[in-house]
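Examining the three-dimensional arrangement
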Amino acid sequence: MRITVNVNGEDHTREVEARHLLVRFLRDDLELTGTHWGCDTSNCGTCVVLMDGEPVKSCTVLAAMAEGHETRTVEGLADGDRLDPVQQGFIEEHGLQCGFCTPGMMLSGRALLDRNPDPSEDEVREAISGQLCRCTGYLNIVKAIRWAAAHESAGREEAGSQA
Amino acid sequence: MTTVEEPAGPAGPAAEERPIGFGRMKRKEDPRFVRGKGRYVDDVKLPGMLHGAVLRSPFAHARIVSIDTSAAEAHPKVKAVITGETLAGLGLAWMPTLSMDTQAVLATDKVRFQGQEVAFVVAEDHYAARDAIELIDVDYEPLDPVVDARRALDPAAPVIRDDLEGRTDNHIFDWEAGDRAATEEVFSRADVVVEQTMLYPRVHPAPLETCGAVASMDPVDGKLTLWTTTQAPHAHRTLYAMVAGLPEHKIRVISPDIGGGFGNKVGIYPGYVCAVVGSIVTGKPVKWVEDRSENLMSTSFARDYHMNGQIAATRDGRILGVRVKVLADHGAFNSTAQPTKYPAGFFHIFTGSYDIEAAHCEVTGVYTNKAPGGVAYACSFRVTEAVYLIERMVDCLAAELGADPADLRMRNLLQPEQFPYQNKTGWEYDSGDYPACLRKAMDLAGYEELRREQAEKRERGELMGIGLSFFTETVGAGPRKHMDILGLGMADGCELRVHPTGKAVVRLSVQTQGQGHETTFAQIVAEELGIPPEDIDVVHGDTDQTPFGLGTYGSRSTPVSGAAAALVARKVRDKARIIAGAMLEVSPDDLEWTKGRWSVKGDPAMTRTIQEIALAAHGALELPEGVEGHLEATTVYNPPNLTYPFGAYICVVDVDPGTGAVKVRRFIAVDDCGTRINPMIIEGQVHGGLADGVGMALMEFIGFDEDGNCLSGSFMDYLLPTALEVPAWELGHTVTPSPHHPIGAKGIGESATVGSPPAVVNAVLDAIGVRHADMPLTPGRVWQAMRHGQVEAPQ
Ligand code: FES
Ligand code: FES
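Quantities reported herein were computed from a predicted structural model and do not represent experimental measurements. (Residues numbered from 1 in each chain as written. Chains lettered and ligands numbered in written order. Predicted model: local features only at pLDDT ≥ 70, side-chain atom pairs only at ≥ 80, totals over all residues. Heavy atoms only, no water.)

**Thoughts on the overall build of chain A**
Inclusion rule: Think of it this way: any DSSP run of H or I at least four residues long counts as a helix, any run of E at least two long counts as a strand, and we number them from the N terminus. Computation of the radius of gyration draws on C-alpha atoms alone. For the globule rule, the value is 2.2 Å times the number of residues to the power 0.38. Using a 1.4 Å probe on the protein chains alone, a residue whose accessible area is under 20% of its type maximum counts as buried, one over 50% counts as exposed, and one in between counts as partly exposed.
Counting its secondary structure elements, chain A contains five helices and five strands. Ordered by position from N to C terminus, the α and β elements of chain A give β-β-α-β-β-β-α-α-α-α. Computed over its C-alpha atoms, the radius of gyration of chain A comes to 16 Å, within 12% of the 15 Å expected for a compact globule of 163 residues. The principal-axis extents of the C-alpha atoms in chain A amount to approximately 50 × 40 × 25 Å. Counting across all 163 residues of chain A, residues that qualify as buried make up 60%.

Right under this line is the structure:
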């Protein structure tokens, strides 16, 4: 079947099998390999992308189901050379080691901050609790997302005072 | 790092001191990972690439009567179907394991564990390959399996390895260490002897990236390029040369970014070999990446040690001796990765951190109808099992004596003046101040206050537990005289080249799986040469570009390769001194080194920076007789001894009396890894290991039913901790440099995985007042232990 999927602001049209998963569509057809996969049971969350701003596990979505939605992957997080604060937070707080869970974690962090600009530690833990990280023991991921929250709010205050 | 951008917000990262050498520094590898530009094996895509899938056995033990591949071969997208018979024709049906056993690549005679590799399909795409394995018809004749290791040596037990000539039982090895007679003697005069049987259950490293490979055999020049998930690219290359009879210079193993290893990616798996054969047969590149079930069911598991411990002490709490009997379940093929002379790894460090008079252990290894493996999952070659044994035994002794577990440990710890310390099973511990480390952990935890809180809670019927562990690790294998894998000595090479403009490239034999080598190794060279880490490129994970060495596992990167990096930098520094002497027209003996420059003693204005020297080394300068141009060096580091990191851990838990659910409320970890290179990375390593420990203690378990069906083949059944199960770790450290390591570093990668499980278990048992219960301490098992005072070993 022929589908058109919007990813990171661009429409992509491809011929796919009906059973084609979004994660494979992103990785194999669009060569956006920043979205990973790590399980067969929708447990690991390394495949998380944003669909209309909400985190979804792209291994649990058919590529065809992404039609009519806006999908955002890790490749769409930075604005050109400017990293998203969540990406910067992961660097600052050593929120990643092997990097395999990182794209999904960052996207969930991004979605959380978009609806809750100042999450508590517990709220961050809850937000990433559908995702696994085998390397970091999570504390620095929590700190990374909160680093981003703090820097975004500092940015907003500054923008406010300038206005 | 200076190379990362400011965040979008106006408040950029605090201008932080950038170390030229050791210190907290952002990782050089992170900018690519946060952009999704990591390059993992499954990201490799080559023109014309085909896809492979493995057909696996549904039975734990069965004879293969016939395999019919005709329907699969007729699938329009299938390019090749490979069976054991195909491989046998090429002499590749069996491959050597890292423990000198053999393992079936694809089964020919029997299948010996559920999930064993039976056939391999190569097809145009991933889906077609998966579809086609379903079309293969295998006729099996089921046999009785051996599932429980304790039955493996029964005379009536079916013989699993009848492929081995003359084999009439499932016995692999017997091994002992220590002094049996001396141990019997101390036990005979002990006031108190405590005995405890315990199982360190089978668990799995489960890195989030599964194992896989892309094999590309160039039919014209006969060169095989293999992108593969390996922690030991050089050892793999040599093994492929040995297994497949390919000339070693025609094999290039590339281990690109690796999504976690933890020991899971040390061995060679049949799927890798099949991808290679698939590429040879089809003349096209072949990708094979296993799914999660395949990873959990067929690749290297860890632990599975049935242990019986006895500890002897005086009535006032002086530990006299320890003896242990172990039954080690190695699965269907003995493919544990460990130094050849150590079939039970370094288990004989079970004397732990205590000053005892005598010790003895006996280990028997057996085959069972379960997946092969054994040493994996950040265990430092069985130190995990050893630490668990002794730290549980000390708590059992404390319970028997009515002693406080912290007091009992403090009373028996080795004292700083006893180092270097010869333990009772033959290890020489290099350095340590154990009492200071334990005291620090107790202070950080507020130990005495916690005990008061616990007493109050008990009055109210609340179950709070405090658990300790004090561990001694032994890592950095190892001296080549004693340690080799398949005859390959465990020494590692390193090459350093300083370019004319003073930038440098250092090439390592070890391979990162997230440990941050691109940063720490640059820091080691920076510390020695004074070139900023940003100016040093770290090359690793490609056998065509790096010197030989045995790779990264058993916390050996910093102890072995880190030493090599420091020494190769010192060689370069020595050469720079001669060149600086020529530049300044003085004798090299008149020069002194301060970081980054050679200067004339007493005349600091007469100086040349390492960058100036590098340019001169490549320029027209007349060099002294016998000195070659350029500024580079190579080395191979053969460690004189292992290193001995240590630590004191305290875990605080609350147990729900109604459900048995355990909440880890606090975890305090004080580690001593000797000289600290990048504290940020060290802390990250500890955090990850602590989460592993909580996982093993409370959740992780690879179980089997009586037919040998694996019950933990997915992340729905094999539970890893999430952010909700682990606390905000509280870390501290002490620093006792290793006296024999060039920079005093001891390694940190596995300390926390080794040290944390007993702390968690001790805490839970302290909460519920039960002497012993085997991991995993799931709510159901804790609840049973509360009701019955014990709980059966998990199956
Ligand atoms: S791949 Fe594991 S949840 Fe999607
Ligand atoms: S950084 Fe490796 S899995 Fe999270």
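**Some thoughts on the overall build of chain B**
Test applied: Between two residues, a contact is recorded if the distance between any of their heavy atoms is within 4.5 Å.
Broken down by element type, chain B carries 18 helices and 33 strands. At 27 Å, chain B has a C-alpha radius of gyration in line with the 28 Å of a compact globule built from 795 residues. With respect to the three principal axes, the spread of C-alpha positions in chain B is 80 × 75 × 60 Å. Burial status across chain B gives 66% buried among its 795 residues. Taking all contacts inside chain B whose residues are at least 6 apart in sequence as the whole, residues at least 24 apart take part in 78%.

**Notes on the domain arrangement of chain A**
Residue and element names in this part refer to chain A. Heads up, the condition is: Here the limits of each domain have been adopted from an automatic or database domain assignment. Buried surface area refers to the total accessible area, computed with a probe of radius 1.4 Å, that the two partners give up upon joining, counted for both partners together. We count a salt bridge whenever a side-chain nitrogen from Lys or Arg sits within 4 Å of a carboxyl oxygen from Asp or Glu. Polar contacts, as used here, are pairs of N or O atoms within 3.5 Å; protein pairs need one atom able to donate a hydrogen and one able to accept it. Residues neighboring in sequence count only if both atoms are side-chain atoms. Classification used: nonpolar for Ala, Val, Leu, Ile, Met, Phe, Trp, Tyr, Cys and Pro, charged for Asp, Glu, Lys and Arg, polar for all others including Gly.
Taken domain by domain, chain A holds domain 1 (2–76) and domain 2 (85–157). Across the contact, 16 residues belong to domain 1 and 14 residues belong to domain 2. Between domain 1 and domain 2 lies a buried interface of about 1200 Å² when both sides are counted; carbon and sulfur atoms form 64% of it. By the criterion of area lost to domain 2, the three top residues of domain 1 are H36, V48 and V74, representing 35% of everything that side buries. For the pair domain 1 and domain 2, the interface holds zero salt bridges. Summed over the shared surface of domain 1 and domain 2, the number is three residue pairs in polar contact (both at pLDDT 80 or more). Of all elements in the fold, only β3 (48–51) and β4 (54–57) reach the threshold of two or more residues within the side of domain 1 that touches domain 2. It is β3 that contributes the most residues to the side of domain 1 that touches domain 2, three residues altogether. In the side of domain 1 that touches domain 2, the residues fall into seven nonpolar, seven polar and two charged.

**Considering the nonpolar core**
Burial of nonpolar side chains together is a common tendency in soluble globular proteins. The condition is simple: Only buried residues count toward a nonpolar core. Its members are Ala, Val, Leu, Ile, Met, Phe, Trp, Tyr and Cys residues joined through side-chain atoms within 4.5 Å.
Judged by nonpolar contacts, the single largest core of 219 residues is most densely connected at F90 of chain A together with F347 and L698 of chain B. In terms of residue count, helix α9 (residues 383–401) of chain B provides more of this core than any other element does, 11 residues in total. In this structure F347 of chain B touches Y305, M307, V324, V326, C361, V363, F381, R382, E385, A386 and L389 of chain B, once residues within four positions along its chain are discounted. Core analysis: the next-biggest nonpolar cluster, separate from the first, contains 43 residues, L508, V525, V572 and L591 of chain B among them.

**Focus on the interface of chain A and chain B**
Of the residues lining the interface, 57 residues belong to chain A; the matching set on chain B comes to 67 residues. Together, I91, H94 and R134 of chain A form the three largest contributors to the area buried by chain A at its contact with chain B, with a combined 16%. Counting every contact that joins chain A to chain B gives seven salt bridges. Between E31 of chain A and K45 of chain B there is a salt bridge, with the nearest N and O atoms lying 3.0 Å from each other. Taken together, chain A and chain B are joined by 28 residue pairs in polar contact (both at pLDDT 80 or more). For the side of chain A that touches chain B, the secondary structure elements donating two or more residues are α1 (22–29), α2 (85–92), α4 (121–127) and α5 (139–162) of chain A. Considering every element that reaches the side of chain A that touches chain B, the biggest residue donor is α5 of chain A, with seven residues.

**What about the UniProt feature "domain: Aldehyde oxidase/xanthine dehydrogenase a/b hammerhead" (unreviewed entry) in chain B?**
We count it as follows: UniProt positions are given in the numbering used here, feature names are shortened, and annotations may be inferred rather than shown by experiment.
Under the present numbering, the feature "domain: Aldehyde oxidase/xanthine dehydrogenase a/b hammerhead" (unreviewed entry) in UniProt falls on residues 35–144 of chain B. In residues 35–144 of chain B, the share of helix is 18% and the share of strand is 37%. The end C-alpha atoms are 52 Å apart.

**Description of the packing of helix α13 (residues 517–529) of chain B against helix α14 (residues 557–584) of chain B**
Residues and elements named next belong to chain B. How we decide: Note on definitions: angles span 0 to 180 degrees between N-to-C directions of axes, and those axes are lines fitted to C-alpha atoms, for helices only across the stretch in contact. When the near helix sits turned anticlockwise from the far one by under a right angle, the crossing is termed left-handed; a clockwise turn instead gives a right-handed crossing.
Direction vectors running N to C along α13 and α14 enclose 35 degrees, while the axes themselves pass 9 Å from each other. Considering the relative orientation of α13 and α14, their crossing is right-handed. Seen from α13, the contacting residues are H517, F521, I524, V525, E528 and L529; seen from α14, they are S557, S561, G562, A565, A566, A569, R570, V572 and R573. Taken together, the residues of the contact of α13 with α14 break down into eight nonpolar, four polar and three charged.

**Details of the side chain of E290 of chain B**
As a reminder of what qualifies: The positive count covers Lys and Arg only, the negative count covers Asp and Glu only, and His and the chain ends enter neither.
The residue E290 of chain B is located in the loop between β14 (286–289) and α8 (292–298) in this model. Among buried charged residues, E290 of chain B stands out as having no salt bridge; its nearest opposite-charge side chain is R56 of chain B, 4.8 Å away. Polar side-chain contacts of E290 of chain B include one of 2.8 Å to the backbone nitrogen of C211 of chain B. Apart from the residues lying within four places of it in its own chain, the contact partners of E290 of chain B are W37 of chain A together with T210, C211, N295 and T299 of chain B.

**Description of the pattern of salt bridges**
The final tally for this structure, using the stated rule, is 72 salt bridges over all chains. Linking R2 of chain A and E15 of chain A is a salt bridge whose minimum nitrogen-to-oxygen distance equals 3.7 Å. Residue R2 of chain A is located in strand β1 (residues 2–7), and its partner E15 of chain A is located in strand β2 (residues 10–15); the two are separated by 13 residues in the primary sequence. Several salt bridges converge on common partners, so that one network encompasses R63, D101, D109, K110, R112, R161, D162 and D163 of chain B.

**A short note on the sheet that holds strand β8 (residues 137–142) of chain B**
All names here are of chain B. Put simply, the test is: Pairing between strands is defined by DSSP: at least two bridges between them are needed.
Pairing within the open sheet is antiparallel, and its three strands lie in the order β6-β2-β8. Two strands close off the open sheet at either side, each with one partner strand: β6 (110–111) and β8. Relative to β8, strand β2 (residues 62–68) runs antiparallel, the two being bridged by six bridges. Its bridge partner being in β8, I64 is matched across the sheet by Y140.

**Structural notes on helix α5 (residues 180–188) of chain B**
Residues and elements named next belong to chain B. For clarity, the threshold we go by: The arc in question is formed by the directions pointing from the helix axis toward the C-beta atoms.
Residues of α5 that are buried include every one of T183, V186 and F187, and no others. Viewed end-on, α5 has its buried residues packed into an arc of 100 degrees, placing them on one side of the element. Turned more than 90 degrees from where α5 packs its buried face, A181 and S188 sit exposed. Those residues of α5 hidden inside the fold are in contact with β10 (192–203), β15 (301–313), β16 (319–329) and β17 (358–366). Measuring from the backbone nitrogen of A181 back to the side-chain oxygen at the start of α5 gives 3.2 Å, which picks out D179 as the cap.

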